[in-house]
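Take a look at the letters that make up each chain.
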Amino acid sequence: MKSSIQIGKIMDIPIKLHVTFLLILPVFAWMFANEASFGLNEIKPDSLRYVLSTSAAILLFVCVLLHELGHSYVAKKHGAHIQGITLFLFGGVSSMEEIPRNPRIEFKMALAGPSVSLLIGLILIIIWWFFEAGGSPYLHLIWIVGYINLVLFVFNLLPAFPMDGGRVLRAWLASQMPYIKATHAAAGIGKMFAILMGVLGLVGLGPWFILIAFFIYIGASEEEKSTEVSLILEGVKIKDIMSKEIKSVNSGISIEELVDIMFKFKHMGYPVVDEGGLKGIVTFTDVQRIPKEERKNVKVSDVMTKEIVALKEEDDASIALRQMTAKNIGRIIIKDDYNKMTGIVSRTDLLRAVELLE
Ligand code: ZN
C-alpha cells in the first residue's frame, strides 16, 4: 500500500497513516472548533479555540489507534501475526494474516477494541465531571475526547459487519451452529440493519445514515464472501493449484522489454531472478506507474517489489488468500522444502480453484 506512510511501531506492530486520514484531520479540527454541540465555539481567543480543536482531532485518532491496539493485543496473545494498523478516513483497520477461527477467541478479540474505548470514555467523563466546577476550556477538550470514545464504543458494537459488533454476533452464533451458517446469519442481520439505516436516512435523518448504510451493506457482503472462499480453500494444498510454469525475468531489462514479455506470456506478474537468485517480483501495476515514453529508460530493478512473500508447496491455499489480503498483493512465490522456487500462485489461481471446488 503506497498510499500510506509508516509513523512508528507499537508492540512491534507497524502503525501507518493513510492519505485519507491526513485529509480528514483538518475537517475534524474545523468541526470541533465551530460546531456548537462540542462547546468550543465560544472560547476566546480564536487561537486557543483552534489549538483545542486541533488537539481534539489528534486525540480522536490516538483513541482510534488505542482501540485497534486493544484488538491487536488480544490477537497477538493468541498467536496471530499483525501486519500493521492503518488509520483511515473513518477510523482504523488492523490487518492480520491469520484470524483465529475459534469463536471464543474471536469473541474476546472483537470485544477488546470497544472495551478500550469504553474505558477511556468513562475515565475522561468522570475526570470532566469531577472538575467541572472550574469551567476551564481544557475541560471541554477532556469532555469532547471522552464523549467521542463513548460514541466509538456504541457505534462499533452495532451488530453488523464490518463493525466489531458483527464479529461479536458471529462468534456468539458460531458457538451454537457451524461457522459458515453463523457467518450467513450475522451477515443477514447486518444487511437488514443497513437497509433500516438507509430508510431512516431517506426519511430525513440525513446523508450520513445513507453513507453508513452502504458501508455496512458492503461490509456484510464482503465478509460473507471471504469466509465462504477461505472455507472452500481450507485443506487444499498450494502445490495442487499453483502455476508451475514460471517465466522469470532479469532485473536489468527495461520496462519496454518487460511489456513485450507480458504480451507474449500473458501473466500479470513475474519473479525477478539474477545470478544471485530471486531478487523480487514485478507486476503489471508496477509497469502502469511508468509513462509510456519513459519505459525504454527504466529498468525492472527500479520498479520491482523487493520484499518477497513466499510460501511452501505444502501450505494451505487459504493461507495464501489471507496473506494476499493482509499484504494487498496479487501473487505469492512458492518454494519447496529446499528453498527452491517451484511455482507462483495468483489471485486468479485461487479464484479458479474456488470455482472448481464450489
Ligand atoms: Zn474495533
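Every value quoted in this text rests on a predicted model; they were computed, and no experiment measured them.

Rules of the game
Residues numbered from 1 in each chain as written. Predicted model: local features only at pLDDT ≥ 70, side-chain atom pairs only at ≥ 80, totals over all residues. Heavy atoms only, no water. Donors = N, O, S within 2.8 Å, 3.2 Å for Na, K, Ca; no water. Tetrahedral: all angles 85-135°; square planar, octahedral: opposite > 155°, others 65-115°. Helix = DSSP H or I, 4+ residues; strand = E, 2+ residues; numbered from the N terminus. Salt bridge = Lys/Arg side-chain N within 4 Å of Asp/Glu carboxyl O. Buried < 20%, exposed > 50% of the residue type's maximum accessible area, 1.4 Å probe, protein only. Pairing = 2+ DSSP bridges. Axes fitted to C-alpha atoms, helices over the stretch in contact; angles between N-to-C directions. Contact = heavy atoms within 4.5 Å. Domains from an automatic or database assignment. Buried area = accessible area lost by both parts, 1.4 Å probe. Polar contact = N/O pair within 3.5 Å; in protein donor to acceptor, adjacent residues only side chain to side chain. Nonpolar A, V, L, I, M, F, W, Y, C, P; charged D, E, K, R; others polar.

Structural notes on the coordination of the zinc ion
At 2.0 to 2.7 Å from the zinc ion lie its protein donor atoms, namely His67 (NE2), His71 (NE2), Asp164 (OD) and Asp164 (OD). For the zinc ion, the 4 donor atoms in the first shell make angles of 54 to 150 degrees at the metal, so the coordination geometry reads as irregular. Written as a sequence motif, the donor arrangement for the zinc ion is H-x3-H-x92-D. With a gap of 93 residues between them, His71 in helix 2 (residues 46-77) and Asp164 in helix 5 (residues 164-174) connect regions that are remote in the sequence.

Some remarks on the pattern of salt bridges
Counted by the stated rule, this structure contains 7 salt bridges. Between Glu223 and Arg167 there is a salt bridge, with the nearest N and O atoms lying 3.4 Å from each other. Taken as a pair, Glu223 in helix 7 (residues 207-233) and Arg167 in helix 5 lie far apart in primary sequence, 56 residues in all. A residue is classified by how much of its surface remains accessible, and Glu223, at 14% relative accessible area, is buried. Measuring nitrogen to oxygen at the nearest pair gives 3.6 Å for the salt bridge that ties Asp349 to Arg352. In this pair, Asp349 and Arg352 both sit in helix 12 (residues 347-357), 3 residues apart, roughly one turn of the helix. Of the residues examined, Asp349 reaches a relative accessible area of 6% and is grouped as buried.

Comments concerning the sheet that holds strand 8 (residues 331-335)
Spatially, 7-8-9 is the arrangement adopted by the 3 strands of the open sheet, whose pairing is mixed. Edge positions in the open sheet fall to strand 7 (310-312) and strand 9 (341-346), since each of these has one partner strand only. Strand-to-strand twist across the sheet, computed as the mean angle between neighbouring axes with direction ignored, equals 35 degrees. Two strands pair when backbone bridges link them, and strand 8 and strand 9 are joined in this way by 5 bridges, in the antiparallel orientation. Its bridge partner lying in strand 9, Ile334 is registered against Gly343. Against the sheet, helix 11 (residues 317-327) touches strand 7, strand 8 and strand 9, its axis set at about 135 degrees to strand 8.

Overview of the domain arrangement of the protein
Here the protein is described as being made up of domain 1 (1-157), domain 2 (162-233) and domain 3 (238-357). Averaged C-alpha coordinates put domain 2 and domain 3 at centres separated by 34 Å. Contacts between domain 2 and domain 3 engage 4 residues on the former and 8 residues on the latter. Of the roughly 580 Å² buried between domain 2 and domain 3, counting both surfaces, carbon and sulfur atoms make up 84%. Joining domain 2 to domain 3, the criterion identifies 0 salt bridges. Taken together, the links from domain 2 to domain 3 amount to 0 residue pairs in polar contact (both at pLDDT 80 or more). Partitioned by chemical class, the residues of the side of domain 2 that touches domain 3 number 3 nonpolar, 1 polar and no charged.

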